[in-house]
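Working through the structure, step by step
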Amino acid sequence: MFKRHAVGAAALACLAASVQPAFAQQTLERVEITGSAIRRSITDEGALPITVVKVDDLRQQGVSSVEGILELLSASQSSSPGSNSIGSGTGGASYANLRGLGSNKTLILLNGRRMTSFAFDANAVDLNSIPFAVIDRVEVLRDGASAVYGTDAIGGVINFITKSNFRGGQIVAEMTKPRQDGGKKEGGSVTVGFGDLEKDKFNFWGSFDTRRQQRIRALDRDFAKTGIIPSRGVNGNSGTTFPGNFSGSFIVPVSKDFPTGRETRSYNPTAPNCAPPLSVVNPTNANACVFDFSSTIDIIPDTKQNTIAGRAAIQIAEGHVLTMEGLATENKNIARVAPDPVSGVTINPGNPAYPTGIPNLDTTKPINVGWRMVPAGPRTNESNSTAKRAVIDLSGVVASWDYRLGAMLSRSTGNDAAADGYVSAPFVRAQVAAGNLNPFRAATAAELAIIEQAKRRGVFGYATGETKGVDIRASRDLFSLPGGNAALALSGEFRKENYRFDTNDDVVNNIPSAGRSPNHKGGDRKVTAFGAEMLLPVLKNLEVQVALRTDDYSDAGRSTNPKIGFRFTPIKEVVLRGSYNTGFRAPGLDDLYAPQTVTFSAGAKNDPLLCDANGKAIPSKGGVQSRDCGLQPQVQNGGNANLKPEKSKTFTVGAAFEPIKDLTFSIDYWNIKLRDQINVLPLDTIIADSTRYAANFVRCSTLPIAVQNTLNRCAGLDNNSPAIGYIIQTNDNIGKIKTNGFDLTAGYNMKLGGLGALSLSYDGTYVRSYQYQTNPSDPYKENVGIYSDGSPVFKWKHNLSAAWALDNLGARMSLRHQSGYRDQNDPTTVVGGPSFYGNVESYTLVDLSASYKFNKMSSLTIGVKNLFDKDPPFSNQSTRSQRGYDPRYSDPMGRALFVRAAYGF
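What counts, and where the lines are drawn
Residues numbered from 1 in each chain as written. Predicted model: local features only at pLDDT ≥ 70, side-chain atom pairs only at ≥ 80, totals over all residues. Heavy atoms only, no water. Core = buried A, V, L, I, M, F, W, Y, C linked by side-chain atoms within 4.5 Å. Buried < 20%, exposed > 50% of the residue type's maximum accessible area, 1.4 Å probe, protein only. Helix = DSSP H or I, 4+ residues; strand = E, 2+ residues; numbered from the N terminus. Phe/Tyr/Trp six-rings, centres within 6.5 Å; stacked < 30°, edge-to-face > 60°. Salt bridge = Lys/Arg side-chain N within 4 Å of Asp/Glu carboxyl O. Pairing = 2+ DSSP bridges. Polar contact = N/O pair within 3.5 Å; in protein donor to acceptor, adjacent residues only side chain to side chain. Axes fitted to C-alpha atoms, helices over the stretch in contact; angles between N-to-C directions. Contact = heavy atoms within 4.5 Å. Parallel < 35°, antiparallel > 145°, perpendicular 65-115°, else oblique. pLDDT = per-residue confidence, 0-100. Arc of directions from axis to C-beta. Disulfide = S-S within 2.5 Å.

**Focus on the nonpolar core**
With 30 residues, the main nonpolar core has Ile 69, Leu 70, Ile 108, Ile 130, Val 138, Ile 158 and Phe 160 as its most contacted residues. Residue assignment for this core shows that the elements contributing at least two residues are α2 (55–60), α3 (66–71), β5 (106–110), β7 (135–141) and β8 (156–162). With 25 residues, the next largest nonpolar core counts Phe 242, Met 373, Val 432 and Ile 451 among its residues.

**Remarks on the packing of aromatic side chains**
Scanning the model with the defined rule gives 17 aromatic pairs in all. Seen from their ring centres, Tyr 766 and Trp 796 are 5.3 Å apart, and the 55 degrees between their planes marks the pair as tilted. Highlighted residues: Tyr 766 in strand β39 (residues 757–772) and Trp 796 in strand β41 (residues 796–806), separated in sequence by 30 residues. Residue classification places Tyr 766 among the partly exposed residues on the basis of a relative accessible area of 25%. Ring geometry for Tyr 852 versus Phe 854: centroids 5.0 Å apart, planes at 75 degrees, classification edge-to-face. A relative accessible area of 37% places Tyr 852 in the partly exposed class. Judged by its relative accessible area of 52%, Phe 854 falls in the exposed class. An aromatic cluster is present here, built from Phe 246, Phe 250, Tyr 267 and Phe 440 joined pairwise through their rings.

**Here's the deal with the pattern of salt bridges**
The tally for this structure, following the rule as stated, stands at 61 salt bridges. Between Glu 452 and Lys 455 there is a salt bridge; the shortest N-O distance is 3.4 Å. According to the relative accessible area criterion, Glu 452 is partly exposed, its value standing at 41%. The partner of Arg 585 in a salt bridge is Glu 646, and the shortest N-O contact between them spans 2.8 Å. With Arg 585 in strand β31 (residues 574–585) and Glu 646 in strand β34 (residues 646–660), this pair connects stretches of sequence that are 61 residues apart. Residue class for Glu 646 comes out buried when judged on its relative accessible area of 0%. The network of salt bridges with common partners includes Arg 114, Asp 152, Glu 493, Arg 495, Glu 497, Arg 525, Arg 549, Asp 551 and Asp 555.

**Describing the pairing of strand β24 (residues 378–398)**
Bridging between strand β21 (residues 320–339) and β24 involves 19 bridges; their strand directions are antiparallel. Across the sheet, the residue bridging to Val 321 is Ser 395, located in β24. Hairpin connection from β24 to strand β25 (residues 401–420): two residues lie between these consecutive antiparallel strands, with Ala 399 at a positive phi of about 50 degrees.

**Notes on the environment of Asn 331**
With respect to the helices and strands, the residue Asn 331 is situated in strand β21. Assessed through its relative accessible area of 13%, Asn 331 is described here as buried. Residues Asn 331 and Lys 540 lie 209 residues apart in sequence; the distance between their C-alpha atoms is 51 Å. A polar side-chain atom of Asn 331 sits 3.1 Å from a polar atom in the side chain of Gln 305.

**Brief notes about the sheet that holds strand β23 (residues 367–372)**
In a beta sheet, neighbouring strands pair by backbone hydrogen bonds and run either parallel or antiparallel. Overall, antiparallel pairing links the four strands, which are arranged β16-β15-β23-β22 in an open sheet. A single partner strand is all that each edge strand has here, and the edge strands are β16 (262–267) and β22 (341–347). Averaged over neighbouring strand pairs, the angle between their axes works out to 25 degrees when direction is ignored. In this fold helix α4 (residues 425–433) packs onto β22 and β23, with an angle of close to 30 degrees to the strand it touches most, β22.

**Here's the deal with unusual backbone geometry**
The step from Phe 242 to Pro 243 runs through a cis peptide bond, and the omega angle for that step is -10 degrees. The amide bond that connects Ala 271 to the next residue, Pro 272, takes the cis arrangement and shows omega of 5 degrees. Among the structural elements, Pro 272 can be located in the loop between β16 and β17 (279–282). Phi is positive for Asp 676, which is not a glycine, with a value near 60 degrees. Here Asp 676 shows up in strand β35 (residues 663–680). The residue Asp 789 is not glycine, and still its phi comes out positive at about 50 degrees.

**Here's the deal with the pairing of strand β18 (residues 285–291)**
Relative to β18, β17 runs antiparallel, the two sharing four bridges. Following the sheet pairing, Ser 279 is matched in β18 by Phe 291. Between β17 and β18, which follow one another and run antiparallel, lie two residues.

**Section: the packing of α4 against helix α5 (residues 445–454)**
At a minimum axis distance of 9 Å, the contact between α4 and α5 shows a crossing angle of 150 degrees. Overall, the two elements α4 and α5 adopt an arrangement that is roughly antiparallel. Contacts from Phe 427, Val 428 and Gln 431 in α4 reach Ile 450, Gln 453 and Ala 454 in α5.

**Focus on the confidence of the model for the protein chain**
Averaged over all residues, the pLDDT of the protein chain equals 89, while 93% of them reach at least 70. Low pLDDT (under 50) marks residues 1–31, which in the prediction has 98 contacts with non-local residues, meaning those over four places away or in another chain. Note that pLDDT drops below 50 for residues 40–45; the model gives that stretch 33 contacts with residues more than four away or on any other chain.

**Looking at the side chain of Asn 825**
By secondary structure assignment, the location of Asn 825 is in the loop between β43 (821–822) and β44 (839–840). Engagement of the side chain of Asn 825 in a polar contact is seen with the backbone nitrogen of Gly 838, the distance being 3.1 Å. Here the side chain of Asn 825 touches Asn 876 through a polar contact of 2.9 Å, side chain to side chain. What Asn 825 contacts, discounting residues up to four positions off in sequence, is Val 830, Tyr 837, Gly 838 and Asn 876.

**Comments concerning α5**
Think of an α-helix as 3.6 residues a turn; residues three or four steps apart then line up on the same face. Regarding α5, the residues found buried are Glu 447, Ile 450, Ile 451 and Ala 454. When α5 is viewed along its axis, its buried side chains cluster within an angular range of 100 degrees and face the same direction. Residues of α5 that are exposed and angled more than 90 degrees away from the buried face: Ala 445, Ala 446 and Gln 453. On its buried face, α5 is in contact with α4.

**A few points about the state of the cysteines**
Enumeration according to the criterion identifies three disulfides in this entry. The disulfide that involves Cys 611 links it to Cys 629, with 2.1 Å between the sulfurs. Torsion about the S-S bond of the Cys 611 and Cys 629 cystine: about -105 degrees, corresponding to left-handed handedness. Taken as a pair, Cys 611 in the loop between β32 (597–600) and α8 (625–628) and Cys 629 in the loop between α8 and β33 (634–637) lie far apart in primary sequence, 18 residues in all. We classify Cys 611 as buried; its relative accessible area is 6%. Cys 629 gets classed as buried once you look at its relative accessible area, which sits at 7%. The disulfide partner of Cys 700 is Cys 714, and the S-S distance across this bridge is 2.0 Å. On the sign convention where negative means left-handed, the S-S torsion of about -80 degrees between Cys 700 and Cys 714 marks this disulfide as left-handed. Of this pair, Cys 700 sits in the loop between β36 (697–699) and α10 (705–708) while Cys 714 is found in the loop between α10 and β37 (724–728), placing the two residues 14 residues apart along the sequence.

**Section: α4**
Burial in α4 covers these residues: Ala 425, Val 428, Arg 429, Gln 431 and Val 432. For α4, the angular spread of buried residues about the axis comes to 165 degrees, placing them on one side. Gly 435 lies just past α4 and shows a positive phi near 85 degrees.

**Quick word on the sheet that holds β37**
The four strands lie next to each other as β32-β33-β37-β36, forming an open sheet whose pairing is mixed. Looking at strand neighbours, the two that pair on one side only are β32 and β36, the edges of this open sheet. The mean inter-strand angle of the sheet, taken between neighbouring strand axes irrespective of direction, is 30 degrees. Relative to β37, β36 runs antiparallel, the two sharing three bridges. Looking across to β37, one finds that Arg 699 is bridged to Ile 724.

This is the structure in structure tokens:
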């Protein structure tokens, strides 16, 4: 008999958990299923493809965070782990990204209701704000549920569901200790609950959870300890080094390229010795040095999280339950990057620091210096964020209507601060000009004191996001059809969203290297939504689900979107299903109102006007090798108030089978088309067609002197030069996306007689195609298996697990796999060109654990993550500060022992 279950038939689609025969023995209560507002028996299999994650099983695998759950979802193409906070000012947030469509198109729910987006990015929910300790299960609706939960659920829905009716108490302590230095995780929680909702008419539980992780330095891992890897063509370096490089006027023979008999060259008085290991000779200029910035950064930040959560449920009358939920989370993230680079330092002849004895240097002219402030130490960012949420919910039955009425208040705050290592660039320039600092040698005690005075600390900016809302849902049976009772659900929702970002202008203006600009922005909107859904059991073996939702945004207009799904059972061992829906995502408040900030691009680029095809400066056009070629340009990011909404069409079709008892598997095809995608125009696209995008290039000579002095390439002697001040890369509607693929799941249970039972499960996603445009008039680019415009899309991701149980003893082995892809192979950053181009290898990790249950709530689990100590595969990507691998898609921890002890009382 084919067993059906309302939360997605875990027997068909269970991720990293065994298929439990006990599902068939559960009481036939009526519950609300993710993907439908109609309450129905939990033995019913719906029309929609749903993945169910049993979090207790994941805890036995060593998963200790919500981010860790998402890493195990094959449908997730997430590239936003907490490590992205290093050098990016993200505030330490971590996001979900189903189907690779972007974190802003994955709808995150907690117990079926929305959460406020992260304050620094008012488009997506920070996974760190979700209370991991009290999560019971996660339901992932993979087809998108825009007609039920919101038209913005284009990539899909992830519903985190907490414990309910919890009684007793549990104390948990856990630790993960890598074999190598750094990265140790520690955590613990206390959860207490009392009262039985059925017997005592009430239940209350409360929980406190604390977690922290130590940083991992790049130097702690061989694969990350340097960004200069000549054997692989990787030359991740910066021309702003210590001791400093300078550019000056050198006397050369008169020629066509140098009609004045002068050339601007880069030079370092200490070359070729430089100051290893951080400062080494420039591989393309033996007279200058470069800085190995990758060796000085963290690859995992220091993090700490505290969470308090609670839930009270009271049966105020027969069939009516009042529920109150509360949540408060605090997160701290400390990330370190390379010491502060100060450019535009002018040294005039006669200054004590002016270099002498340099062949052919015109010593009557000033020089321009770039100086890495190694004596000030690494730049250290401290980000603090909070998430608070309160919900009151009343549910029950009135006149045959199942109803649910609720109100919600959710608030997110954050700040990002300079904790150490940042210096005031104007102060440093003035001290060098006064002869008090010398950038060409190690600092004296007196100079160290001045550098300490140059340090600037303080908060760069404060962000706040808030959502207030009320909602109502009601469902009931209507009339009989050949397959059963038809049912209707009606819903209404009203919410108000607010967003505010303010900088500390004094701090921002004094620390240009932080990549912030003075900004005071904010916005708000009101959203009203109404929905209707019908369940039609047309025949005993055919069920149709139809839904319609209208969303009205005060700033983006109204949109009505339908959804239709079907479930057909031709024989008892087979279920066929499919769905179609349209989506509408209004621009997020951050899309519209995010501060427009000038910061450094992730990778080195060549100025298309001042550098030739080989990356060599063109002096006749004013090009300077050390300023314009092979360096990180600055870019202007931020909101755009003229954005249009994104719209989508999605359909799925699939089948689930149970050919023999205890063996189940399913396959679902999905197809998504998105238009008016909101994103930034890729930097490579802008540079590759600089004539078409000429308006995006803002050059120093077009800016006021006061603005130029805040920009890396315009300060000092480069005032009014033709160099790039910054490239405009603000949000825009850049084109369409077309993607499709298959989700596959399987589960098998077998009895081993006196040796217990073995359960096998598989969850995989195969992406056939992911094509996108970088401009509405441009041809599509393929992204599957190809690093393109900043990231790849994985063709294959899958998870395979085997769980064995005998009485109270259990063991589990799991395998996580993602396919390889063609590497970035950027000619600007891969020295040696095509001979060093290559592919990123596939990545497979194996985890092993064993556990013993003393009773229902007391257990001990010991295991090893990354059993074979697999390093991340090599990558020549230059999109992230980390080099030699891609931190977005791999785990730098290495082999790690984990222990989890739970004591129940």
